[in-house]
Amino acid sequence: QVRVVESGGGSVQPGMSLRLSCVASGIDFSINVMGWYRQAPGSQGRELVARLTTAGGTYYPTSLKGRFTVSVDKAANTMWLEMNSLEVADTAVYYCNTPPPLHENWGPGTQVTVSS
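Given the structure is predicted, the values throughout are model-derived calculations rather than measurements.

Visitor: Hey, could you run me through the sheet that holds strand S4 (residues 35–39) in this one?
Guide: Sheet strands associate in pairs through backbone hydrogen bonding, adopting either a parallel or an antiparallel arrangement. Read across the sheet, 6 strands follow the order S2-S10-S9-S4-S5-S6 without closing on themselves; strand pairing throughout is mixed. If you trace the sheet from one side to the other, it starts and ends with strand S2 (10–12) and strand S6 (58–59), each paired once. In this structure, S4 lies alongside strand S9 (residues 92–97), joined through 5 bridges in antiparallel fashion. Paired with Arg-38 across the bridge in S9 is Tyr-94.

The structure is reproduced here in structure tokens:
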């Protein structure tokens, strides 16, 4: 049985930083690539914001490159997302899942609100 729990969200002002955590059971991080997704208010879909690659690297959409950093501890089945220089447009619920995402892997997410 898969259980995913995201944490670390909060309410911050533009320009500040947050570090999100993802802890999963039932998903072996040593053989499964993981990523971070977000769903903005009023949006019907969830967009990929960062992912690990099978080659041991990382991938970010061009629009987020340089501000977001994903890292992982495979032995602990834990992944993090360091978000710097946060913008109002980063307001969303953040989730972790495999790329492509599987329905059974979605956790409750963690809310990030950026406002002045």
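Visitor: Quick question: what am I supposed to make of the pairing of strand S10 (residues 110–114) here?
Guide: The two faces of the sheet receive side chains in turn, since in a regular strand these alternate between them. Burial of S10 is one-sided: the residues Thr-110, Val-112 and Val-114 facing one way are buried, the residues Gln-111 and Thr-113 facing the other way are not. In the sheet, S2 pairs with S10 via 3 bridges, with the strands oriented parallel. Across the sheet, Ser-11 pairs through a bridge with Thr-113, a residue of S10. Relative to S10, S9 runs antiparallel, the two being bridged by 3 bridges. What sits directly across from Val-93, in S10, is Gln-111.

Visitor: How do you make sense of the layout of surface pockets when you look at a structure like this?
Guide: Summary: where empty space remains is shown by rolling a probe the size of a single water molecule over the atoms. For the largest pocket, the calculated volume is near 160 Å³. Phe-29, Val-33, Leu-52, Thr-53 and Lys-74 are, among the 14 residues lining the largest pocket, the residues nearest its centre. Along the lines of polarity and charge, the residues of the lining of the largest pocket split into 6 nonpolar, 7 polar and 1 charged.

Visitor: Would you mind showing me how to read the packing of aromatic side chains here?
Guide: Aromatic ring pairs are reported here in terms of the distance separating the ring centres and the angle at which the planes meet. Tallying each qualifying case throughout the model produces 2 aromatic pairs. Seen from their ring centres, Tyr-37 and Trp-106 are 5.5 Å apart, and the 80° between their planes marks the pair as edge-to-face. Of this pair, Tyr-37 sits in strand S4 while Trp-106 sits in the loop between S9 and S10, placing them 69 residues apart in sequence. Tyr-37 sits in the buried class, given a relative accessible area of 5%. Aromatic pair Tyr-95 and Trp-106: ring centres 5.5 Å apart, planes at 75°, arrangement edge-to-face. A residue pair is termed long-range when its members are at least 10 positions apart, and Tyr-95 in strand S9 and Trp-106 in the loop between S9 and S10 qualify at 11 residues. With relative accessibility at 9%, the residue Tyr-95 sits in the buried group. You can call Trp-106 partly exposed: its relative accessible area is 26%. Put simply, the rings of Tyr-37, Tyr-95 and Trp-106 pair up and form one aromatic cluster. Arg-46 extends its terminal NZ or CZ atom over the ring of Tyr-95, reaching a point 3.8 Å from the ring centre. The ring of Trp-106 has Arg-46 lying over it, and the distance from NZ or CZ to the ring centre is 4.4 Å.

Rules and cut-offs
- Residues numbered from 1 in each chain as written.
- Predicted model: local features only at pLDDT ≥ 70, side-chain atom pairs only at ≥ 80, totals over all residues.
- Heavy atoms only, no water.
- Pairing = 2+ DSSP bridges.
- Helix = DSSP H or I, 4+ residues; strand = E, 2+ residues; numbered from the N terminus.
- Buried < 20%, exposed > 50% of the residue type's maximum accessible area, 1.4 Å probe, protein only.
- 1 Å grid on protein atoms, 1.4 Å probe; cavity = no way out; pocket = protein on both sides within 12 Å on 5 of 7 lines; lining within 4 Å.
- Points joined across faces, edges and corners; volume = space filled by probe spheres on them.
- Nonpolar A, V, L, I, M, F, W, Y, C, P; charged D, E, K, R; others polar.
- Phe/Tyr/Trp six-rings, centres within 6.5 Å; stacked < 30°, edge-to-face > 60°.
- Lys NZ or Arg CZ within 6 Å of the ring centre and 35° of its normal.

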